[in-house]
Amino acid sequence: MTDKEINDLKDKLFYKPKFAYDEYDEKALCEMEEFSKGYIKFIDKCRIEREAVKYSIAEAEKHGYKEYKFGDKFEKGGRYYYNNRDKAVAFIRVGKNPIAEGVRIVASHIDSPRIDLKQHPLYENSGFAYFKTHYYGGIKKYQWTTIPLSLHGTIVRADGSVQDIAIGLDPEDPVFYITDLLIHLAKDQMNKPLRSGIEGEQLNILLGSRPLPGASKDVGDRIKLGIMKLINDKYGITEADFMSSELTMVPSYPARELGFDRSMIAAYGHDDRVCAYPSYKALFDSTDDANTSMIVLADKEEIGSDGVTGMQSSAYMDIIDELAKTFRASPAKVRANSMCLSADVNAGFDPGFPEVAERSNTCFLNQGVVMTKFTGSGGKSGTSDASGEFVGKIRKIFDDANVIWQTGELGKVDQGGGGTVAMYIANNNIDTIDVGVPVLSMHSPYEVIAKADLYETYKAFRAFIDWAK
Ligand code: MN
Ligand code: MN
């Protein structure tokens, strides 16, 4: 064989990953930038699941989607949203094809790691007022100190009245804060393992330092009283109302383009709103209405997908069963013929930490949407591990639509691991595979993604929704 023949053979037989910027023409680059702009707006505004629900429903209504409640009838060609208690949402478009052919599901989550307030949060100590907290999801606690935080969530008063609040994103707003120790006094702290440098009960939010005007030093807790009075003036709540409120602290950094070349986006909560946004955009932008599709933006993934708003809730399967009943199909058949992309992020290769990855099977930024056959940990425990046949089907869908995609595994064997909503859908007899965006610094207060991967993820979801079998 000549050298050329050998090289040709290599080209023919070896797998070559695609690098987005080698594939893009001017048009693709423009579309990528345009799509990123919309995403930056979304991720900047939607810091918690409730905000993402509101935002995406407003978008849906512009596209003719109407509220669906259990007991309502679905109609062919109908567009619906099911608002699950303001914390999760499903968008349903009923296609022209028989429902027995199944539903195309894209399921992501819109909750992210953060710092929740306890039920009795407010206290005073040594001239400061604080909130006590209990963190939500997997965080490195030390990362959440000395950064600006905003307060988000919902107040539920004794009379049952409800009010959403968000303080800290507007540049005119104050922000909140968790202190850390001066390095010069950190002799003991610096000798602790990273995991215990800051403990859970040290994640106390600094709120104020000024007594209630007019309260003399003989008045106990006069700083706490000053804060409570301000909150009462603004929201009409008393301390007892915290018990029935759902409040959380999230980073208040704005989402920004990252790098001289602006090729990346830094933001809080890419995991997993970076998959949620392209999933509902793909449905709303889709003009082919042959297939019945459902986009789920679920809650509670970061703490195990339990509960009425998590992916393990029966709400989402109930929707599929109701669709089946409406069009007189067998619910079991509709489920069996459905398929799902579990839209969640994966850890992109970080040259700063090469030792946790296995290079042949990790995903890279700018190499497109990542397909993750299995998640879990330690000998594939805790994963639905998609079948080779299903991987083959999705592979063909992506290739036919010129989607730039790669595969990835979350870290090298026995390094750690993690899960997604995939298995909770697969357990309902629906073929499911993880597909999403590679992320750097995942679960930190400010995560990084590449614009090209976001755009390819959108293309992947569109291809999946529109694919004619
Ligand atoms: Mn996730
Ligand atoms: Mn996560």
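Read on for an overview of the structure. The model shown is predicted, which means the values in this text are computed figures rather than measured ones.

Scoring rules and cut-offs
- Residues numbered from 1 in each chain as written.
- Chains lettered and ligands numbered in written order.
- Predicted model: local features only at pLDDT ≥ 70, side-chain atom pairs only at ≥ 80, totals over all residues.
- Heavy atoms only, no water.
- Phe/Tyr/Trp six-rings, centres within 6.5 Å; stacked < 30°, edge-to-face > 60°.
- Lys NZ or Arg CZ within 6 Å of the ring centre and 35° of its normal.
- Core = buried A, V, L, I, M, F, W, Y, C linked by side-chain atoms within 4.5 Å.
- Buried < 20%, exposed > 50% of the residue type's maximum accessible area, 1.4 Å probe, protein only.
- Helix = DSSP H or I, 4+ residues; strand = E, 2+ residues; numbered from the N terminus.
- Expected span 1.5 Å × (residues − 1).
- Donors = N, O, S within 2.8 Å, 3.2 Å for Na, K, Ca; no water.
- Pairing = 2+ DSSP bridges.
- Salt bridge = Lys/Arg side-chain N within 4 Å of Asp/Glu carboxyl O.
- Polar contact = N/O pair within 3.5 Å; in protein donor to acceptor, adjacent residues only side chain to side chain.
- Contact = heavy atoms within 4.5 Å.
- 1 Å grid on protein atoms, 1.4 Å probe; cavity = no way out; pocket = protein on both sides within 12 Å on 5 of 7 lines; lining within 4 Å.
- Points joined across faces, edges and corners; volume = space filled by probe spheres on them.
- Nonpolar A, V, L, I, M, F, W, Y, C, P; charged D, E, K, R; others polar.
- Domains from an automatic or database assignment.
- Axes fitted to C-alpha atoms, helices over the stretch in contact; angles between N-to-C directions.

**Quick word on the packing of aromatic side chains**
- Considering all chains together, one arrives at 28 aromatic pairs under this definition.
- Taken together, the aromatic side chains of Phe 35, Tyr 39, Phe 42, Tyr 55, Tyr 65, Phe 91, Tyr 277, Tyr 280, Phe 284 and Tyr 458 make up a single cluster linked through ring pairs.
- Between Lys 76 and the ring centre of Phe 327, over which it is positioned, the NZ or CZ distance is 5.1 Å.
- Over the face of the ring belonging to Tyr 136 we find Arg 114, whose NZ or CZ atom lies 3.9 Å from the ring centre.

**Examining the nonpolar core**
- Tyr 39, Phe 42, Phe 91, Tyr 280, Ile 394, Phe 398 and Ile 433 are the most contacted members of the largest nonpolar core, which has 63 residues in total.
- Sorting elements by how many residues they give to this core places helix 13 (residues 451–466) first, with nine residues.

**Overview of helix 4 (residues 49–62)**
- Between its first and last C-alpha, helix 4 extends 20 Å over 14 residues, near the 20 Å set by a 1.5 Å rise per residue.
- Burial analysis of helix 4 places ten of its 14 residues in the buried class, the great majority of the element.
- Just beyond helix 4, the residue with positive phi is Gly 64, at close to 85°.

**A closer look at the coordination of the manganese ion (ligand 1)**
- Taken together, His 109 (NE2), Asp 271 (OD), Asp 344 (OD) and Asp 344 (OD) make up the full set of protein donors to the manganese ion (ligand 1), lying 2.1 to 2.5 Å away.
- Between consecutive donors of the manganese ion (ligand 1), the numbers of intervening residues give the motif H-x161-D-x72-D.
- Between the manganese ion (ligand 1) and the manganese ion (ligand 2) the interatomic distance comes to 3.4 Å, and Asp 271 is a ligand of both metals. One end of the pair, His 109, is in strand 4 (residues 103–109); the other, Asp 271, is in helix 8 (residues 270–285), with 162 residues separating them in the sequence.

**Thoughts on the pairing of strand 4**
- Counting buried positions along strand 4 gives seven out of seven residues, so the element sits mostly inside the fold.
- Here strand 4 shows two buried faces, one formed by Val 103, Ile 105, Ala 107 and His 109 and the other by Arg 104, Val 106 and Ser 108.
- Note that strand 4 and strand 13 (residues 292–298) share seven bridges and pair parallel. Along strand 13, the bridge assignment pairs Val 106 with Ile 295.

**Notes on the pattern of salt bridges**
- Within the structure shown, the criterion is met by 31 salt bridges.
- Note that Glu 31 is salt-bridged to Lys 27, the shortest N-O span being 3.2 Å. Separated by four residues within a single helix, Glu 31 and Lys 27 lie in helix 3 (residues 26–45), roughly one turn from each other.
- Here Glu 31 falls in the partly exposed class, since its relative accessible area comes to 31%.
- Since its relative accessible area comes to 57%, Lys 27 is described here as exposed.
- For Glu 67, the salt bridge identified is with Lys 69, shortest N-O distance 3.9 Å.
- Its relative accessible area of 38% is what places Glu 67 among the partly exposed residues.

**Some points on the side chain of Thr 420**
- Note that Thr 420 resides in the loop between strand 19 (417–418) and helix 12 (422–426).
- Taking the relative accessible area as the measure of exposure, Thr 420 reaches 9% and is therefore buried.
- Polar side-chain contacts of Thr 420 include one of 3.1 Å to the backbone nitrogen of Ala 422.
- A polar atom in the side chain of Thr 420 sits 2.9 Å from the side chain of Asp 434.
- Apart from residues no more than four positions distant in its own chain, Thr 420 is found in contact with Glu 301, Ser 342, Asp 344, Thr 375 and Asp 434.

**Structural notes on the layout of surface pockets**
- Roughly 1,100 Å³ of volume is contained in the largest pocket.
- Counting residues per element, the lining of the largest pocket draws most heavily on strand 20 (residues 431–436), which supplies three residues.
- A per-class count over the lining of the largest pocket returns 13 nonpolar, 18 polar and seven charged.
- Of the residues that make up the lining of the largest pocket, three or more belong to each of domain 1 (3–112 + 268–466) and domain 2 (114–251).

**Considerations on the coordination of the manganese ion (ligand 2)**
- All of the protein donors around the manganese ion (ligand 2) are Asp 271 (OD), Glu 302 (OE), Glu 302 (OE) and His 443 (NE2); their distances to the metal are 2.1 to 2.6 Å.
- If you list the donors of the manganese ion (ligand 2) from N- to C-terminus, the spacing comes out as D-x30-E-x140-H.

**Remarks on the sheet that holds strand 3 (residues 88–93)**
- With respect to topology, nine strands assemble into an open sheet ordered 1-2-3-13-4-14-20-16-18, the strand pairing being mixed. If you trace the sheet from one side to the other, it starts and ends with strand 1 (66–67) and strand 18 (405–407), each paired once.
- Sheet analysis places strand 16 (residues 369–372) next to strand 20, joined by three bridges and oriented antiparallel. The residue bridging Val 370 from the neighbouring strand is Gly 436, located in strand 20.
- Relative to strand 3, helix 4 is tilted by about 20°, and along the sheet it contacts strand 2 (79–84), strand 3 and strand 13.

**Re unusual backbone geometry**
- At the junction of Asp 271 and Asp 272, the peptide bond is cis and its omega measures out at 10° in the coordinates.
- With respect to the helices and strands, the residue Asp 272 is situated in helix 8.
- Even without a glycine there, the phi angle at Arg 328 is positive, about 55°.
- Mapped onto the secondary structure, Arg 328 falls in the loop between helix 9 (315–326) and helix 10 (331–337).
- Take Arg 328: its relative accessible area is 79%, and that puts it in the exposed class.
- In this model, Lys 380 sits at a positive phi of 60°, which is unusual for a non-glycine residue.

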